[in-house]
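# Structural overview for review
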Amino acid sequence: MKIELTNQEAEKFFLNALCNGLSYFESYGIELDYDNEEYKEAKKTAKNDNGMPPCYEDVLVEMLRKGYTLKAIDDNNEETHILTIKKMYEQMKEVPPNTLMEMINERDDADTADIILQVCFIGEHTYG
């Protein structure tokens with residue numbers, strides 16, 4: 001079974017995964033890195049759905065939308081994984097269907113988010 005997401009859905013689920021699982025993802029010895037100037041630039045245009053000022057994760061997704069990259073530096077394997085918006089859209093297609101269904105049905109948790117982040121950044125569910 002394959003679940004086809006629109007780009008908007010992929011962004012929404014990726015944002016949700018960042019909000020709910022980034023600290024879990026980083027607990028494996030993975031550090032999220034990005035250009036600070038690009039972050040400041042993206043923060044100027046980032047928005048969220050509730051009309052409040054954008055949170056950290058909103059800015060990270062806006063960075064991708066602007067064509068910037070996010071890096072996951074894996075200290076365990078001494079690898080750096082670069083994420084672009086295009087790669088995120090492609091990798092969301094590789095997230096296991098049951099994980100996507102948890103997100104779609106709003107039954108997701110930190111484990112769901114962690115799997116999405118691992119697949120998007122690393123290309124597979126490696127840890128946990």
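Right above here is the structure, for reference.
Residues numbered from 1 in each chain as written. Predicted model: local features only at pLDDT ≥ 70, side-chain atom pairs only at ≥ 80, totals over all residues. Heavy atoms only, no water.

## Here's the deal with the overall build of the protein
A tally of regular secondary structure across the protein gives six helices and three strands. For the protein, the sequential pattern of α-helices and β-strands runs α-β-α-α-β-β-α-α-α. Since a compact globule built from 128 residues should have a radius of gyration of about 14 Å, the 14 Å found for the protein is in line with a globular shape. Looking at the 128 residues of the protein, the share that counts as buried comes to 41%. Sequence-distant contacts in the protein: of pairs separated by 6 or more residues, those separated by 24 or more amount to 64%. Taken as a whole, the protein presents about 7,200 Å² of accessible surface, with 45% of it coming from carbon and sulfur. Positive and negative side-chain charges in the protein, numbering 13 and 27 respectively, have mean positions lying 8 Å apart. (Helix = DSSP H or I, 4+ residues; strand = E, 2+ residues; numbered from the N terminus. Rg over C-alpha atoms; globule rule 2.2 N^0.38 Å. Buried < 20%, exposed > 50% of the residue type's maximum accessible area, 1.4 Å probe, protein only. Contact = heavy atoms within 4.5 Å. Areas by Shrake-Rupley, 256 points an atom, 1.4 Å probe, with all protein chains shown as cover. Lys, Arg positive; Asp, Glu negative; His and termini not counted. Charge placed at Lys NZ, Arg CZ, Asp CG, Glu CD.)

## Things to note about unusual backbone geometry
Phi angles above zero are rare outside glycine, and glutamate 78 is one such case at about 50°. Counting through the fold element by element, glutamate 78 comes out in the loop between strand 2 (70–74) and strand 3 (79–83). Of note in this structure, glutamate 106 is not a glycine but carries a positive phi near 55°.

## Quick look at empty space enclosed by the protein
What the rule picks out here adds up to one cavity of 30 Å³ or more. Of the voids in this model, the largest cavity is the one considered here, and its volume is about 50 Å³. Only helix 1 (7–26) and helix 4 (85–92) provide two or more residues apiece to the lining of the largest cavity. Looking at the lining of the largest cavity residue by residue, the class counts come to five nonpolar, two polar and one charged. (1 Å grid on protein atoms, 1.4 Å probe; cavity = no way out; pocket = protein on both sides within 12 Å on 5 of 7 lines; lining within 4 Å. Points joined across faces, edges and corners; volume = space filled by probe spheres on them. Nonpolar A, V, L, I, M, F, W, Y, C, P; charged D, E, K, R; others polar.)

## A closer look at the pattern of salt bridges
Counting across every chain of the model gives six salt bridges. Across the pair glutamate 41 and lysine 44 runs a salt bridge, and its minimum N-O distance is 3.4 Å. Of the two residues, glutamate 41 and lysine 44 are both situated in helix 2 (residues 36–45); the distance of three residues between them amounts to about one turn of the helix. A salt bridge links glutamate 90 to lysine 93; the shortest N-O distance between them is 3.4 Å. For glutamate 90, a relative accessible area of 39% gives the class partly exposed. Judged by its relative accessible area of 33%, lysine 93 falls in the partly exposed class. Via salt bridges that share partners, Glu11, Glu62 and Arg65 belong to a single interconnected network. (Salt bridge = Lys/Arg side-chain N within 4 Å of Asp/Glu carboxyl O.)

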